[in-house]
Number of protein chains: 2
Amino acid sequence: MPTDVVTMDKIVALCKRRGFVFPSSEIYGGLASTYDYGHYGVLLKRNVKDAWWRAMLQERDDIVALDAAILMSPKVWEASGHLASFTDPLVDCRRCGQRFRADHLGELECPEKPSKHPGEGPNCDLTEARDFNLMFETTIGPVKESGAEIYLRPETAQGIFVDFPQVMQTARKKPPFGIAQIGKSFRNEITPGNFVFRTREFEQMEMEFFVPPPDAPRWFEHWLDARMSWYVDLGIRPDHLRLRPHEEDELSHYSSATSDVEYLFPIGWSELEGIANRGDFDLRAHARHSGKKLEYFDSATNERYVPHVIEPAAGADRATLAFMVDAYDEEDVEGETRTVLRLHPQLAPVKVAVLPLVRKDGLPELAREAYEALKPVVQAEYDEGGSIGRRYRRQDEIGTPWGVTVDHQTTEDRTVTLRDRDSLEQTRVAIDELPDEILRRLREPWRSPKLDA
Amino acid sequence: MPTDVVTMDKIVALCKRRGFVFPSSEIYGGLASTYDYGHYGVLLKRNVKDAWWRAMLQERDDIVALDAAILMSPKVWEASGHLASFTDPLVDCRRCGQRFRADHLGELECPEKPSKHPGEGPNCDLTEARDFNLMFETTIGPVKESGAEIYLRPETAQGIFVDFPQVMQTARKKPPFGIAQIGKSFRNEITPGNFVFRTREFEQMEMEFFVPPPDAPRWFEHWLDARMSWYVDLGIRPDHLRLRPHEEDELSHYSSATSDVEYLFPIGWSELEGIANRGDFDLRAHARHSGKKLEYFDSATNERYVPHVIEPAAGADRATLAFMVDAYDEEDVEGETRTVLRLHPQLAPVKVAVLPLVRKDGLPELAREAYEALKPVVQAEYDEGGSIGRRYRRQDEIGTPWGVTVDHQTTEDRTVTLRDRDSLEQTRVAIDELPDEILRRLREPWRSPKLDA
């Protein structure tokens, strides 16, 4: 089982070692479960977001973009129900002074070891559960006065709902159509954890798809299929993905059907994306609270209705983590462990590395030339430090699909070796054809070699 | 003077009309000076950020990426000086109850008209000035307890400084090298305003360039040039840009030299970007407060030093606004006003629009075919609604550089008319060659026609 091989510890260690992701404010001891993305992490996550953007927006006719502010009117959260009920139940232990989620006590270890919650040891003395709202609160304007309380959005979705009338009108769309948004959201989680799987600050890729009510079930199915395919097309192994329909008693109050796209993380099957049929709950709630019409009027048929909404809501951080976990591979090469990220080339942080075989005989100059030609076209890297084997290990570890080696033959015929990360196949290519060759390979369909392993 | 022609009102109206940018939470009356980007606004701003990214990262060898969290340890703001001194002086008017910036009183009108601040009318009775911190404060964790106060970052820069050691090590860089970051920052401004020019939530494009101390002046000059060129290369008219060196008494405490890149906005010359020589102020401050070494050790020379820092800090929202303002044009065409955004094609939200001349005779089918071929390559739009002239007006207004008209000749020879937004020149191109032709034109150098006007 891959879960045995790819542990979260290995991923965390790789992320730290190569600067993909590391704890925020680390020189000050960090800030609980907050992470910064370093160079390769930024590039990887950016590619994940771009791939989502491409699939959801550029390649479709029926979805438009929105980037709503993180700070919104507090009335939004009153209408959406977040102020009243976006809460977790909390209990305090009167002995150790710590707070825990009442519904997750079993998972936690009491700091007063060896006893365990709930009530497992002799030291536990728990209070009744109280509701704790997960929205971060702040105040806007020059003084902390009543009425100036605002919240960091806990989801990007509500920005889409309240802007629905403007967007529909200015984008000249009518149902079925969608509004897509990528952006940060914030939840003051009581128990964040598992690396970037659950953090208090996180980035969402959400799309709300507005449809004529009778078509909602059909579109729900459409989005289940489309979103599963997206992950598979980008290299996630199908047997590491599953759709888990929510049970009746698990459904949110606003949803008539929800399925989670789950991925087999090292921590077990966990939610990667939620796809919900939210009906007309949100538009009706905002219409009621704002007194504005949030509906579609079809001037051709004189029909007026409140669209139903299908929402595929993905996490950019979770998706990035899943792509890394699924790509992570180790193999023995001559007694050494070679760590390789077998990322889809479209997601790889660096597409091509240019390496002069030795740092003399004019090879660095030729390698530089190849690198300069590649750089305007794709994210490229030049590396002349250390043995060639070590330099390839470095590139394998960050998932660079192709390596260019400039050797002595290059000085004679201006060809270089182009090495494939997965097959390790080497072919000779003319320097002048490199950019086109890399672009050609990037366009080719890709299949994870792990599928055949 | 262009400031007479392009008013902020016209830009705001266009933004609202075509859904580029509009007030956030508008159905609830908005949230002061907070804006949402709609479809074309998202695409435009995204292109601005991508152009920055390309110039600052992909095309250089000496800059790496970072995406630090918005929520950071409060110790960061203690060390940086923001907790103590990132303040504005505030005064209250005892009569009207309003608060004002003590240093900006002259600009404000007292709500108790007709009298004006400061002390211009008989109704003013101002308190002494008090310092007001501009950071948004919130609390992390399940209860509002002492020590849990954290802040929304007021700038992305500090994330770069505190992560300097990790990034330098994992990215295998040494000075001179830079760390670039795009992300949201938050300032609880007392007097935000002028559309997206000054908002409480805004997006920064910041880069900190770490250099050996003796090289700082030279690199400062380098970045002044490089950043000015960036705007000009993307179409801003040079006579609308200027570098304004800060006066001695205007310099921040951390800076030995700062120049603002100013743009001639409709509100007058205003800051677009600040380029500062921050010396070693930040790294030393964080080293002192954290007890960690924030320095570079050169193992070859056994030299150890704290790098100096050159910071080009740009605003993504301001840059987007400037590009729109500079591109805005009106001309009379047959008695009607034609509004055109003469955006650099690289920045244009939509690159090409495909328009069937009429909605019959097989033209929509052929137009669809052309559109489907273009869509995977560039952001494209298909429009068959309304007269051809009206459809072109719509595209001109959002700055689409090229329009494809499918007419009756297309049914005979599969060629279409390709229209240039600026020259209005029309050429016939084969459908099958359209994607390559658009890509070719996108790569061509571009010169604003307004330069020759």
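Everything quoted here is computed from the prediction, not taken from an experiment.

**Q** Break down the relation of the copies chain B and chain A for me, with residues and values.
**A** Put simply, the two copies of the chain differ by a rotation about an axis and a shift along that axis. Here chain B sits on chain A after a turn of 180° about the axis and a move of 0.0 Å along it, with an RMSD of 0.1 Å. Such a combination of rotation and displacement between the chain copies is what one expects of a two-fold axis. Relative to the rotation axis, the C-alpha of Thr138(B) is the closest in chain B, positioned 2.5 Å from it. Of the residues that chain B buries at the interface, 100% are likewise interface residues in chain A, meaning the two copies contact each other through the same surface.

**Q** Describe the packing of aromatic side chains, and please don't skip the residues or the numbers.
**A** Per the counting criterion, the structure on display carries 32 aromatic pairs over all chains. Measuring from ring centre to ring centre gives 6.2 Å for Phe164(A) and Phe177(A), while their planes differ by 25°; the resulting arrangement is stacked. Of this pair, Phe164(A) sits in helix α7 (residues 164-170) while Phe177(A) sits in strand β9 (residues 177-186), and the two are 13 residues apart along the sequence. For the residue pair Phe164(A) and Phe177(A), the accessibility class agrees, reading buried in each case. Ring geometry for Phe136(B) and Phe186(B): centres 6.5 Å apart, planes at 90°, overall edge-to-face.

**Q** Can you explain the packing of helix α3 (residues 39-58) of chain B against helix α7 (residues 216-233) of chain B? Please cite residues and give values.
**A** All names here are of chain B. Between α3 and α7, whose axes approach to 11 Å, the crossing angle comes to 145°. Seen along the crossing, α3 lies across α7 with a hand that is right-handed. Here α3 contributes Val48, Ala51, Trp52, Ala55 and Met56 to the contact with α7, which in turn contributes Trp223, Arg227 and Trp230. In terms of residue class, the contact of α3 with α7 is built from 7 nonpolar, no polar and 1 charged.

**Q** Report on helix α10 (residues 316-327) of chain A, specifying residues and quantitative values.
**A** Residues and elements named next belong to chain A. The terminal C-alpha atoms of α10, which comprises 12 residues, lie 16 Å apart, in line with the 16 Å expected from a rise of 1.5 Å per residue. Counted residue by residue, α10 has 12 buried out of 12 residues, so it is predominantly covered. Of the residues making up α10, those classed as buried are Ala316, Asp317, Arg318, Ala319, Thr320, Leu321, Ala322, Phe323, Met324, Val325, Asp326 and Ala327.

**Q** Give me the lowdown on the sheet that holds strand β12 (residues 257-265) of chain A, citing residues and values where you can.
**A** All names here are of chain A. If you walk across this open sheet you meet the 7 strands as β3-β9-β10-β16-β13-β12-β11, and the pairing is mixed. Unpaired on one side and paired on the other, β3 (63-65) and β11 (241-245) mark the two borders of the sheet. Each strand of the sheet is rotated relative to its neighbour by a mean of 25°, with strand direction disregarded. Bridge analysis of strand β10 (residues 201-211) against strand β16 (residues 308-315) gives 6 bridges, and the strand direction is antiparallel. Of the residues in β16, the one forming a bridge with phenylalanine 210 is valine 309. Along the sheet, helix α3 (residues 39-58) contacts β3, β9, β10 and β16; its crossing angle with β10, the most-contacted strand, is approximately 5°.

**Q** Can you lay out the interface of chain B and chain A for me, pointing to particular residues and giving the numbers?
**A** Facing the 89 residues of chain B at the interface are 90 residues of chain A. Counting the surface chain B buries against chain A, the share from its top three residues, Ile27(B), Tyr28(B) and Pro142(B), is 11%. Linking chain B with chain A are 8 salt bridges, by the criterion used here. Of the charged contacts, one joins Asp61(A) and Lys375(B) as a salt bridge, the two residues approaching to 3.0 Å between their closest N and O atoms. Linking chain B to chain A there are 38 residue pairs in polar contact (both at pLDDT 80 or more). Of all the elements, α3(B) adds the most residues to the side of chain B that touches chain A, at 10 residues. Looking at the side of chain B that touches chain A, its residues break down into 40 nonpolar, 20 polar and 29 charged.

**Q** Explain the packing of helix α11 (residues 363-374) of chain A against helix α14 (residues 434-443) of chain A residue by residue, including any values.
**A** Residue and element names in this part refer to chain A. Between α11 and α14, the shortest axis-to-axis distance is 9 Å and the interhelical angle comes to 50°. What the angle tells us is that α11 and α14 run oblique. As α11 runs across α14, the sense of the crossing is right-handed. In contact with Ala370, Ala373 and Leu374 of α11, α14 contributes Leu434, Pro435 and Ile438.

**Q** Describe the domain arrangement of chain A, naming the residues involved and giving the relevant values.
**A** Residue and element names in this part refer to chain A. Examined at the domain level, chain A breaks down into domain 1 (3-77 + 154-324) and domain 2 (350-452). Centre-to-centre separation of domain 1 and domain 2, based on C-alpha positions: 36 Å. With both chains or domains summed, domain 1 and domain 2 bury close to 940 Å², and 54% of this area falls on carbon and sulfur atoms. Taken together, domain 1 and domain 2 are joined by 2 salt bridges.

**Q** Go over the pattern of salt bridges, please, and point to the residues and values.
**A** This model, assessed by the stated rule, comprises 91 salt bridges over all chains. Note that Arg359(A) is salt-bridged to Glu384(A), the shortest N-O span being 3.8 Å. Taken together, the positions of Arg359(A) in the loop between β19 (352-356) and α11 and Glu384(A) in the loop between β20 (380-382) and α12 (388-398) put the pair 25 residues apart, joining distant regions of the chain. A relative accessible area of 57% places Arg359(A) in the exposed class. Ionic pairing is found between Arg368(B) and Glu372(B), a salt bridge with its closest N-O pair at 3.9 Å. Note that Arg368(B) and Glu372(B) are positioned in helix α10 (residues 363-374) at a spacing of 4 residues, about one turn of the helix. Arg368(B) gets classed as partly exposed once you look at its relative accessible area, which sits at 32%. Residues joined in a network through salt bridges with shared partners are Asp329(A), Glu331(A), Arg338(A), Arg342(A), Arg393(A), Asp396(A), Arg419(A), Arg421(A) and Asp422(A).

**Q** Run through the nonpolar core, naming residues and quoting values.
**A** Burial of nonpolar side chains together is a common tendency in soluble globular proteins. Core analysis: the biggest nonpolar cluster contains 122 residues, and Tyr231(A), Phe323(A), Tyr231(B) and Phe323(B) have the highest contact counts within it. When residues no more than four places from it in sequence are discounted, the contact partners of Tyr231(A) are Ile236(A), Leu241(A), Val261(A), Leu272(A), Glu273(A), Ala314(A), Ala319(A) and Phe323(A).

**Q** Please give an account of helix α9 (residues 281-290) of chain A that cites residues and values.
**A** Residue and element names in this part refer to chain A. Those residues of α9 lying buried are Asp282, Leu283, Ala285, His286 and Ser290. End-on, the buried residues of α9 take up no more than an arc of 165°, which puts them together on one face. Of the surrounding elements, those touching the buried residues of α9 are α4 (74-80), α6 (157-162), α7, β10 and β13 (268-279). One or two residues past the end of α9 sits glycine 291, with phi positive at roughly 75°.

**Q** For the pairing of strand β22 (residues 415-420) of chain B, give the residues involved together with the corresponding values.
**A** Strand residues, when the strand is regular, have side chains that alternate between the two faces of the sheet. Residue and element names in this part refer to chain B. Among the 6 residues of β22, 5 are classified as buried, and the element is accordingly described as predominantly covered. Alignment of β22 against strand β23 (residues 426-430), held across 5 bridges, turns out to be antiparallel. Along β23, the bridge assignment pairs threonine 415 with alanine 430. Between the end of β22 and the start of β23, which pair antiparallel, lie 5 residues, with leucine 424 showing a positive phi angle near 60°.

**Q** Can you break down the sheet that holds β22(B) residue by residue, with the values?
**A** All names here are of chain B. If you walk across this open sheet you meet the 5 strands as β20-β19-β21-β22-β23, and the pairing is mixed. The open sheet terminates on both sides in strands that have one partner only, identified here as β20 (380-382) and β23. The average angle at which neighbouring strand axes cross in this sheet is 25°, direction not considered. Examined bridge by bridge, strand β19 (residues 352-356) and strand β21 (residues 402-406) share 5 bridges and lie parallel to one another. Within β21, the position partnered with leucine 355 by the bridge is threonine 405. Contacting β19, β20 and β21, α10 runs over the sheet at an angle of about 165° to β19. Strand contacts of helix α11 (residues 388-398): β19, β20, β21 and β22, with the helix running at about 170° to β19, the strand carrying the most contacts.

The rules we used
By convention here, each chain's residues receive numbers from 1 onward along its written sequence. Note on labels: chains are lettered from A, ligands numbered from 1, in written order. A pLDDT threshold of at least 70 governs which residues receive local features in this predicted model, and a stricter bar of 80 or more applies before side-chain atom pairs are shown or counted, although totals over entire chains, interfaces and linings include all residues. Side-chain calculation: all heavy atoms of the structure are included, whereas hydrogens and water are not. To line up the copies, we fit them by least squares on C-alpha atoms, keeping just the residues with pLDDT of at least 70 in both. Throughout, a residue-residue contact means that at least one pair of heavy atoms, one from each residue, lies within 4.5 Å. Only the six-membered ring of Trp is used, alongside the rings of Phe and Tyr, when aromatic pairs are assigned; centres must lie within 6.5 Å, and planes under 30 degrees apart are stacked while those over 60 apart are edge-to-face, with the rest tilted. Strands here are runs of E lasting at least two residues and helices are runs of H or I lasting at least four, both read from the DSSP assignment and numbered beginning at the N terminus. Only protein chains enter the accessibility calculation, which uses a 1.4 Å probe. A residue is then buried if its area is under 20% of the maximum for its type, exposed if over 50%, and partly exposed in between. Think of each axis as a best-fit line through the C-alpha atoms, taken over the contacting stretch in the case of a helix, with angles from 0 to 180 degrees between the N-to-C directions. In a left-handed crossing the near helix is turned counterclockwise from the far helix by less than a right angle, and in a right-handed crossing that turn is clockwise. When residues are sorted by character, Ala, Val, Leu, Ile, Met, Phe, Trp, Tyr, Cys and Pro go into the nonpolar class, Asp, Glu, Lys and Arg into the charged class, and all the rest, Gly among them, into the polar class. What a helix should span is 1.5 Å times the count of its residues minus one. Pairing between two strands requires that DSSP report at least two bridges joining them. Here the quantity called buried area is the total loss of accessible area, with a 1.4 Å probe, experienced by two parts when brought into contact, counted for both. Salt bridges are identified by distance alone: a Lys or Arg side-chain nitrogen within 4 Å of an Asp or Glu carboxyl oxygen. What qualifies as a polar contact is a pair of N or O atoms within 3.5 Å, subject to a donor-acceptor requirement within protein and to the restriction that residues adjacent in sequence count only when both atoms come from side chains. Note on angle classes: values under 35 degrees are labelled roughly parallel, values over 145 roughly antiparallel, values of 65 to 115 roughly perpendicular, and the remainder oblique. Boundary definitions for the domains trace back to an automatic or database domain assignment. Take the buried Ala, Val, Leu, Ile, Met, Phe, Trp, Tyr and Cys residues and link them wherever side-chain atoms come within 4.5 Å; each set so joined is a nonpolar core. Directions pointing from the helix axis toward each C-beta atom define the arc.

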